[in-house]
Amino acid sequence: MLTVSVSAHIGPHLRLISSEASVHGLGANIPDRVTRQCHRTQHYDTQRPCTERLSVCRANRAILASTELELQPVASPDRPPKGGRFGDRVEDDARYNRVDLSAEHAYEARQSLLATVAKGEARMDLAEAALQIAAEDDAIASHTVVRLPVGSYRQRLNKLAQGARNALGSLPKDAKSEDQVQAVENFLWEQQRFRLPHFGRSNVPQQAKVDHPGVYEDARHAYLHEVLIRRVGCSAALAVIYGDVMQRLLVMGALNFGVRVECRDLNVLPTAEVLPGMTREVAAAGGAMLNLCSQDVLLEVLRFLKRAYWPFAWDSSGGPESGGGFRDAAMDALQGAASAELQAIAQAAAHRLERGIWTSPGAGDLRRALAATERLATIFGDRHPQERRDAGVLLLHAGHPAQALAELQEYCRTEAAEEAPLKDRHLVDQLQAYLSAMLSIDTSNSGNGNGSTDNGSGTGSTAQPDSNGSTSNGSTNISNINDPGVPPLRVGTELGRVPPAVQADRRGPLPW
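Residues numbered from 1 in each chain as written. Predicted model: local features only at pLDDT ≥ 70, side-chain atom pairs only at ≥ 80, totals over all residues. Heavy atoms only, no water.

## Regarding the overall build of the protein chain
- Within the protein chain, the regular secondary structure consists of 18 helices and 8 strands.
- Counting the 512 residues in the protein chain, one finds 47% classified as buried.
- Residue pairs in contact within the protein chain that sit at least 24 positions apart in sequence constitute 71% of those at least 6 positions apart.
- When the accessible surface of the protein chain is summed, it comes to about 25,100 Å², and 50% of that surface belongs to carbon and sulfur atoms. (Helix = DSSP H or I, 4+ residues; strand = E, 2+ residues; numbered from the N terminus. Buried < 20%, exposed > 50% of the residue type's maximum accessible area, 1.4 Å probe, protein only. Contact = heavy atoms within 4.5 Å. Areas by Shrake-Rupley, 256 points an atom, 1.4 Å probe, with all protein chains shown as cover.)

## Remarks on the pattern of salt bridges
- Enumeration over the complete set of coordinates arrives at 30 salt bridges.
- The salt bridge involving Arg375 is made with Glu136; its shortest N-O contact spans 3.1 Å. Placement of the pair is Arg375 in helix H13 (residues 366-380) and Glu136 in helix H4 (residues 126-142), with a sequence separation of 239 residues. Per residue, the accessibility class of Arg375 equals that of Glu136, and both read buried.
- Two residues, Glu494 and Arg497, come together in a salt bridge whose shortest N-O distance is 3.2 Å.
- In this structure Glu494 comes out as buried when scored by relative accessible area, which is 11%.
- The exposure class of Arg497 is partly exposed, given its relative accessible area of 33%.
- Because the salt bridges share partners, they merge into one network encompassing Arg303, Lys306, Arg327, Glu387, Arg389, Asp390 and Asp424. (Salt bridge = Lys/Arg side-chain N within 4 Å of Asp/Glu carboxyl O.)

## Here's the deal with the layout of surface pockets
- The space that makes up the second largest pocket amounts to roughly 820 Å³.
- Lining the second largest pocket we find 30 residues, and of these Ala103, Ala106, Ile140, Arg497 and Pro500 sit closest to its centre.
- Of all the elements in the fold, those that place two or more residues in the lining of the second largest pocket are helix H3 (102-117), H4, H13 and helix H15 (401-412).
- With 6 residues, the top contributor of residues to the lining of the second largest pocket is H3.
- Of the residues that constitute the lining of the second largest pocket, the class distribution is 17 nonpolar, 4 polar and 9 charged. (1 Å grid on protein atoms, 1.4 Å probe; cavity = no way out; pocket = protein on both sides within 12 Å on 5 of 7 lines; lining within 4 Å. Points joined across faces, edges and corners; volume = space filled by probe spheres on them. Nonpolar A, V, L, I, M, F, W, Y, C, P; charged D, E, K, R; others polar.)

## What about the side chain of Thr378?
- Among the secondary structure elements, Thr378 is positioned in helix H13.
- Accessibility expressed as a relative area gives 6% for Thr378, which makes it buried.
- Residues contacting Thr378, with those up to four places away along its chain left out, are Leu114, Leu489, Arg490, Val491 and Glu494.

## Some words on H4
- Compared with an ideal rise of 1.5 Å per residue, which puts 17 residues at 24 Å, H4 spans 24 Å between its outermost C-alpha atoms and is within 8% of the ideal.
- The buried count for H4 comes to 16 of 17 residues, which makes it a mostly enclosed element.
- Its side-chain oxygen placed 3.3 Å from the backbone nitrogen of Ala127, Asp125 serves as the N-cap of H4.
- One or two residues past the end of H4 sits His143, with phi positive at roughly 50 degrees. (Expected span 1.5 Å × (residues − 1). Polar contact = N/O pair within 3.5 Å; in protein donor to acceptor, adjacent residues only side chain to side chain.)

## Brief notes about empty space enclosed by the protein
- Here the structure, examined in full by the defined rule, presents 3 cavities of 30 Å³ or more.
- Within this model, the second largest cavity holds a volume of roughly 50 Å³.
- Lining the second largest cavity, in full, are Met124, Asp125, Leu126, Ala127, Val240, Gly243, Asp244, Gln247, Asn291 and Leu292.
- Counting only elements with at least two residues in the lining of the second largest cavity, the list comes to H4 and helix H8 (235-252).

## With respect to the packing of H8 against helix H10 (residues 296-309)
- At their nearest, the axes of H8 and H10 sit 8 Å apart, and the two run at 140 degrees to each other. The angle between H8 and H10 falls in the class oblique. Where H8 crosses over H10, the handedness of that crossing is left-handed. Contacts between H8 and H10 involve Ala236, Ala237, Ala239 and Val240 from the first element and Val297, Glu300 and Val301 from the second.
- For the contact of H8 with H10, the residue count by class is 6 nonpolar, no polar and 1 charged. (Axes fitted to C-alpha atoms, helices over the stretch in contact; angles between N-to-C directions. Parallel < 35°, antiparallel > 145°, perpendicular 65-115°, else oblique. Left-handed = near helix turned anticlockwise from the far one by under 90°.)

## A look at the nonpolar core
- Counting residues in each nonpolar core, the largest one holds 104 residues, and the members touching the most others are Phe194, Ile241, Tyr242, Val245, Met246, Leu305 and Leu431.
- The biggest single contributor to this core is H8, with 11 residues.
- What Tyr242 contacts, discounting residues up to four positions off in sequence, is Val181, Val184, Glu185, Leu188, Trp189, Val261, Pro270, Thr271 and Ala272. (Core = buried A, V, L, I, M, F, W, Y, C linked by side-chain atoms within 4.5 Å.)

Any functional reading would require information that these geometric values do not contain.
Here is the structure:
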């Protein structure tokens, strides 16, 4: 028998060495049940009771102890052991390195989404668009080397349509169209048990200001693949499923009439309205089946994700509509965070999310919030200018001042900007002045060749803009830049965007 030394901390930090030879890669010669159990332990649910988590850890120990493996520290190939111990950090072991393809996967998902939207609302595949939204966020958060299997989830939708067709088969041949619609709804809501969350549209307290809306919102209610698995989601995600099933039934020939899936009231299940004269032949005119649901469901899905990941305070006094977090995000950009406690929470959340750990304490995620606002501004920015305003302030926080200024300038050209509250207009003006000063300084830095701005003191220090657009050395306001050099976000321009640059060496440590 082999001597098995089991660490009290089960997870990716374990080094598993076979009794016969060294394991050259993580998971080699390791039973699948060990690998799966360690993976589950890495992403355990923080909401479980402590006694339950303790039981899970004990079970994991028993599984490892029952395998013919020896656990011992191993040195990195390029760092020999010192005194029998491995390197200072687990990440130094080259066997844990892998190629990071998340940027390419996120780019491909965004391009697939925009290509679907570019077809127009009548021919748009809303299920494909919703799954590409989930695929992009999955790539951003998990640093994945494998794309989200969009095709597999589309197969789930096809199986739902097959089940709905079987349900329609039990009706008489001369059944009314309303009875057929009712049969499909009974199949989805009763048999398959798709349902709304208990809070309806949003769980953020109404007429209140919360430090982190992610504490209340669960993003899984807006991801279509999660809704297909868990059978619970927001009304917009359920409307996408309902519309896709009805469209597939038309393609199969199980229905001979078109419907319009509506979810005007986002606190109830979506409904379908039969369209008079919309036969299967009319719906399929042009070589593709008409979309049976409004693209506004994508607007609601993206707004849900925006609230769930918004990394600043959220004011719901104006209802669950978009824009509740702009003021605090703008003030944070201009003046800095007001609370050290909030800064500590945000830093802890960033540390966990950067390592692919989804058990966030609810402090938000700037990357996924930015992705949601970018998609909102790209697809719906002309109809809802506030989305450009929110995208602008998050782009500033993310370190993209030129694009941020372009979005804010485009927002200021709309009537919505003129009708906005005085405080919001003042914040937008301050942000534009701040960004103009920042871009002016960047231009002068690149022009003098040494990366610094000479402020007359001979030190070569860089003058930083303050919240009013002035530089820190006391000079007058820098003139505004009328052209930030980049166009505002729109579907046409983003479809031609250059793919992200591929680094020569993209191997890095696994995130945990």
